[in-house]
Amino acid sequence: MNGERAARKLPLLKWDEGLARAARKHAELMAEQNLLQHRLAGEADLTARAREAGVSFSHITENIGMAAYASGFHDGWMHSPGHRANILDVAIDSIGIAVVEGGEQLFAVEDFARVVTLLSIEEQEKRIGKLIAARGLRLLQIGDDARKSCELDREYAGSSKPQYIAHYETPNIAQLPEGIEKEIQSGRYKAAAVGACAQRKPSGSPPFRIVVMLY
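These lines cover the structure that appears in this document, whether it is placed above or below.

Conventions and cut-offs
- Residues numbered from 1 in each chain as written.
- Predicted model: local features only at pLDDT ≥ 70, side-chain atom pairs only at ≥ 80, totals over all residues.
- Heavy atoms only, no water.
- Helix = DSSP H or I, 4+ residues; strand = E, 2+ residues; numbered from the N terminus.
- Polar contact = N/O pair within 3.5 Å; in protein donor to acceptor, adjacent residues only side chain to side chain.
- Phe/Tyr/Trp six-rings, centres within 6.5 Å; stacked < 30°, edge-to-face > 60°.
- Buried < 20%, exposed > 50% of the residue type's maximum accessible area, 1.4 Å probe, protein only.
- Arc of directions from axis to C-beta.
- Contact = heavy atoms within 4.5 Å.
- Core = buried A, V, L, I, M, F, W, Y, C linked by side-chain atoms within 4.5 Å.
- Salt bridge = Lys/Arg side-chain N within 4 Å of Asp/Glu carboxyl O.

Looking now at the side chain of Asn-86. Along the chain, Asn-86 turns up in helix H5 (residues 81–87). There is a polar contact of 2.8 Å between the side chain of Asn-86 and the side chain of Asn-63.

Here we come to the packing of aromatic side chains. Inspection of the entire model under this criterion finds 2 aromatic pairs. Both rings, one in Phe-73 and one in Trp-77, keep their centres 5.6 Å apart while their planes meet at 25°; by these two values the pair is stacked. Taken together, the positions of Phe-73 and Trp-77, both in helix H4 (residues 71–78) and 4 residues apart, correspond to about one turn of that helix. On the basis of an interplanar angle of 50° and a centroid distance of 6.4 Å, the ring pair of Tyr-164 and Tyr-189 is categorised as tilted. Remark: Tyr-189 occurs in the loop between helix H8 (178–185) and strand S7 (191–197) and Tyr-164 occurs in strand S6 (residues 164–170); sequence separation between them is 25 residues. Taken as a pair, Tyr-164 and Tyr-189 share a single burial class, namely buried.

All right, on to H8 then. Among the residues of H8, Ile-180, Glu-181, Glu-183 and Ile-184 are the ones counted as buried. The buried residues of H8 all sit within an arc of 165° when viewed along its axis, so they share a single face. Among the exposed residues of H8, those oriented more than 90 degrees off its buried face are Glu-178, Lys-182 and Gln-185. Buried residues along H8 sit in contact with helix H6 (121–133), S6 and strand S8 (208–214).

Glancing now at the nonpolar core. Within the largest apolar cluster, 21 residues are counted, with the highest numbers of intra-cluster contacts made by Ile-128, Ile-132, Leu-176, Ile-180, Val-212 and Leu-214. Of all the secondary structure elements, the ones that give two or more residues to this core are H6, S6, H8, S7 and S8. Ranked by residues supplied to this core, first place goes to S8 with 4 residues. When sequence neighbours within four positions are dropped, the list of residues in contact with Leu-214 reads Leu-137, Pro-162, Gln-163, Tyr-164, Glu-183, Ile-184, Tyr-189, Ala-191 and Ala-192. Membership of the second largest hydrophobic core comes to 13 residues, among which are Leu-10, Ile-87, Leu-88 and Ile-92.

Applying the stated criterion to the full structure yields 13 salt bridges. Salt-bridge contacts for Arg-188 lead to Glu-183; the nearest nitrogen and oxygen are separated by 2.8 Å. Looking at Arg-188, the relative accessible area reads 51%, which means it is exposed. You can call Glu-183 buried: its relative accessible area is 17%. Here the salt bridges do not stand alone but share partners, grouping Glu-43, Arg-49 and Glu-62 into one network.

Rendered as structure tokens:
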């Protein structure tokens, strides 16, 4: 993978144990059923499989293959437009690979992702706050009410009633949802409060859980 990417001056991929676990689990299931599919009957989809394996990400793709010899996988993928695009995807930074024996064939899985580093509640609020402040709104400090509002999943906690409130979950904390962007651009608001709270359990949900309240 990295040889192909280096030749094209693309960022090299890092090995990720969580992606490797997700890849192995899927490869083992394909080998057991002797089927080459991205999602087998009764199996979770790629997004859920990776999150169950402990991976937090903002982008994920997958290559699968079946061959008599391990040496046949990479060349076959590079001559397939869709698989080649995954290998050379500029949006990814991590990879996990598994190869499993199944009868007379080998089954291989490559899971690619842009892995998201988990952040503290304080850091999440700080990053979202910077996005909002950059759009001209004053940030309000309303104690624990913003975090309590986040936990509620709807409405708000405390006495500071917002004119607009948005609860959302996201794998990408670097951008605001479109709905919030439109509200801010409307010019109706002068201030905002931001609260973050713990990721839902089980870990199959997006890693960041946020509330934004506009005043």
